[in-house]
Amino acid sequence: LPAWRDSTLLVKDLHFDEVPVRIYLPRIPSSNRQRGVLVFHGGCGTFGSIRSHERICQYLARKSDSVVVSVGYRLSPEHAHPAQTLDCLTATVHFLKSAKTYGVDPNRIIVWGDSVGGTFTASVCQELVNRRDIPKIRAQVLVYPILQALNFNLPSHQKNAFMAIFSQERLVHFILKYLKKDCSLKEAILAGSHVPEDMNLKIRKWINPDLIPETYKLGYKPPLATSFLPQVHEETKELLEIVLSPLLAEDAVVCHLPDTCIITCEHDVLRDDGLLYKKRLEDNNVKVTWYHVEEGFH
């Protein structure tokens with residue numbers, strides 16, 4: 001959409017430790033320190049930008065009366081993974097340290113991300129759990145996030161396998177493109193042949209269709225067993241890293257995560273990623289607010 005300037009906001013393009021950001025501030029400063037919102041845009045790590053989320057950021061700033069910082073992280077394939085997550089982390093740490101400069105209460109900063117931006121949000125919050133030199137993130141907002149790259153046959157993957165724009169096959173295609181991998185590996189990844197059996201056994205307690213509420217499993221059929229393919233695993237080991245699959249984080253990390261808001265959509269292959277993370281957080285006594293859009297699309 002064309003850029004549109006909100007007359008109530010002051011918009012500045014800056015750099016936080018060399019990471020480009022666009023900050024949205026109220027033209028009339030508040031007498032008290034305000035809330036802060038860091039925004040990580042979606043786009044599978046290969047497209048999207050500060051500009052693509054201009055209106056969303058203006059809306060968030062206006063409606064929540066917050067200072068919003070939109071992060072322009074580097075994109076793949078020009079910049080290889082995990083440059084994207086590292087940029088988001090760098091910008092977050094910078095803002096937490098310098099919040100008062102922008103009239104923001106450093107103890108009232110949340111991180112917001114949609115789609116792969118939700119992946120970066122979850123990863124950044126996990127990475128900051130043990131930091132003692134900066135304020136704690138107050139909350140994280142995950143909008144239909146990508147949270148695991150191990151099982152692409154969960155109920156929501158099956159239900160929305162051929163959904164327009166973001167199908168089951170296209171999800172894996174985008175992930176492989178983001179990692180600069182050969183897209184001919186797609187079928188093996190969809191079948192789960194990239195995950196060693198011992199790891200499948202370990203993560204079953206976290207990534208398992210049995211953990212999805214029955215309401216969301218209508219028509220689900222367990223997939224046929226497939227063989228582990230070592231060569232595929234070797235080529236795509238990044239898919240099993242916590243930075244790309246935050247659902248794999250240990251309980252010792254998850255239990256210290258900030259309050260969380262998760263938004264899922266019914267007509268979305270990623271719906272169950274959100275449901276599984278919701279359960280993990282709740283099982284670890286993290287406060288979760290969940291909003292499900294019954295007729296929503298990715």
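Note that the coordinates shown come from a computational prediction; the quantities given were computed from them, not determined experimentally. (Residues numbered from 1 in each chain as written. Predicted model: local features only at pLDDT ≥ 70, side-chain atom pairs only at ≥ 80, totals over all residues. Heavy atoms only, no water.)

Looking at the UniProt feature "domain: Alpha/beta hydrolase fold-3" (unreviewed entry) in the chain
- Feature annotation in UniProt places "domain: Alpha/beta hydrolase fold-3" (unreviewed entry) on residues 37-180 and 237-298, given in this structure's numbering.
- From the first C-alpha to the last, residues 37-180 spans 31 Å; its make-up is 38% helix and 18% strand.
- Within the segment residues 237-298, helix and strand shares are 27% and 31% respectively, and the terminal C-alpha atoms sit 26 Å apart. (UniProt positions renumbered as here; feature names shortened; annotations may be inferred. Helix = DSSP H or I, 4+ residues; strand = E, 2+ residues; numbered from the N terminus.)

Considering the packing of aromatic side chains
- Applying the stated rule across the entire model yields seven aromatic pairs.
- Ring centres of Phe166 and Phe174 lie 6.2 Å apart, and the angle between their planes is 20 degrees; on these two criteria the pair is classed as stacked.
- Note on Phe166: relative accessible area 6%, which makes it buried.
- Taking the relative accessible area as the measure of exposure, Phe174 reaches 21% and is therefore partly exposed.
- By the ring-pair criterion, three or more aromatic residues cluster together here, those being Phe16, Phe95 and Tyr102. (Phe/Tyr/Trp six-rings, centres within 6.5 Å; stacked < 30°, edge-to-face > 60°. Buried < 20%, exposed > 50% of the residue type's maximum accessible area, 1.4 Å probe, protein only.)

Some thoughts on the sheet that holds strand S2 (residues 19-26)
- Strands sit in the order S1-S2-S4-S3-S5-S6-S7-S8 across an open sheet of eight strands; the sheet is mixed. Edge positions in the open sheet fall to strand S1 (9-16) and strand S8 (288-297), since each of these has one partner strand only. When the angles between neighbouring strand axes are averaged without regard to direction, this sheet yields 20 degrees.
- Two strands pair when backbone bridges link them, and strand S3 (residues 34-40) and strand S4 (residues 66-71) are joined in this way by six bridges, in the parallel orientation. Among the inter-strand pairings, Val39 is bridged to a residue of S4, identified as Ser70.
- Its contacts with the sheet put helix H2 (residues 83-98) on S1, S2, S3, S4 and strand S5 (104-114), and the angle it makes with S3 is roughly 170 degrees. (Pairing = 2+ DSSP bridges. Axes fitted to C-alpha atoms, helices over the stretch in contact; angles between N-to-C directions. Contact = heavy atoms within 4.5 Å.)

Considering the environment of Arg35
- Mapping Arg35 onto the fold places it in strand S3.
- In this structure Arg35 touches Ser64, Asp65, Ser66, Val67, Val104 and Arg108, once residues within four positions along its chain are discounted.
- At 2.5 Å, the side chain of Arg35 and the backbone oxygen of Ser64 are in polar contact. (Polar contact = N/O pair within 3.5 Å; in protein donor to acceptor, adjacent residues only side chain to side chain.)

What about the packing of H2 against helix H3 (residues 116-127)?
- Contact geometry of H2 with H3 gives a least axis separation of 10 Å together with a crossing angle of 60 degrees. As far as their axial angle goes, H3 and H2 are oblique. H3 is crossed by H2, and the crossing has right-handed handedness. Contacts between H2 and H3 pair Gln84, Thr85, Cys88, Leu89 and Thr92 from the former with Phe120, Ser123, Val124 and Glu127 from the latter.
- Of the residues that constitute the contact of H2 with H3, the class distribution is four nonpolar, four polar and one charged. (Parallel < 35°, antiparallel > 145°, perpendicular 65-115°, else oblique. Left-handed = near helix turned anticlockwise from the far one by under 90°. Nonpolar A, V, L, I, M, F, W, Y, C, P; charged D, E, K, R; others polar.)

Some words on helix H5 (residues 168-178)
- For H5, the set of buried residues is Gln168, Leu171, Val172, Ile175, Leu176 and Tyr178. For H5, the buried positions fall inside an angular range of 160 degrees around the axis, keeping them on one side.
- Looking at the packing, one finds that the buried side of H5 touches H2, H3, helix H4 (155-159) and helix H6 (186-191).
- Lys180 sits one or two residues past H5 and shows a positive phi near 60 degrees. (Arc of directions from axis to C-beta.)

Some details on unusual backbone geometry
- Cis peptide bonds are those with omega within 30 degrees of zero, and the linkage from Ser76 to Pro77 qualifies with 5 degrees.
- Relative to the helices and strands, Pro77 resides in the loop between S4 and H2.
- Here the amide bond leading from His81 into Pro82 is cis, since omega sits at 10 degrees, within 30 degrees of zero.
- Secondary-structure assignment places Pro82 in the loop between S4 and H2.
- Here the phi dihedral of Cys44 falls at roughly 60 degrees; this positive angle occurs in a residue that is not glycine.

With respect to the pairing of S1
- Relative to S2, S1 is paired through eight bridges, and the arrangement is antiparallel. Looking across to S2, one finds that Val11 is bridged to Tyr24.
- Where S1 hands over to S2, the hairpin turn is made up of two residues, of which Asp17 adopts a positive phi near 50 degrees.

Observations concerning the environment of Arg22
- The residue Arg22 is located in strand S2 in this model.
- The class of Arg22 is buried, set by a relative accessible area of 14%.
- On a C-alpha basis, the gap between Arg22 and Lys12 in space is 5.6 Å, while along the polypeptide they are ten residues apart.
- Ignoring anything within four residues of it in the chain, the contact list for Arg22 reads Arg5, Val11, Lys12, Asp13, Ile50, Glu54, Val68, Val69 and Ser70.
- There is a polar contact of 2.6 Å between the side chain of Arg22 and the side chain of Asp13.

A few points about the nonpolar core
- With 73 residues, the main nonpolar core has Val71 and Tyr277 as its most contacted residues.
- Of all the elements, H2 adds the most residues to this core, at six residues.
- The residues contacting Val71, other than those within four sequence positions of it, are Val19, Pro20, Val21, Leu38, Val39, Phe40, His41, Ile50, Asp87, Cys88 and Ala91.
- Within the second largest apolar cluster, twelve residues are counted, among which are Val37, Val68, Trp112 and Tyr144. (Core = buried A, V, L, I, M, F, W, Y, C linked by side-chain atoms within 4.5 Å.)

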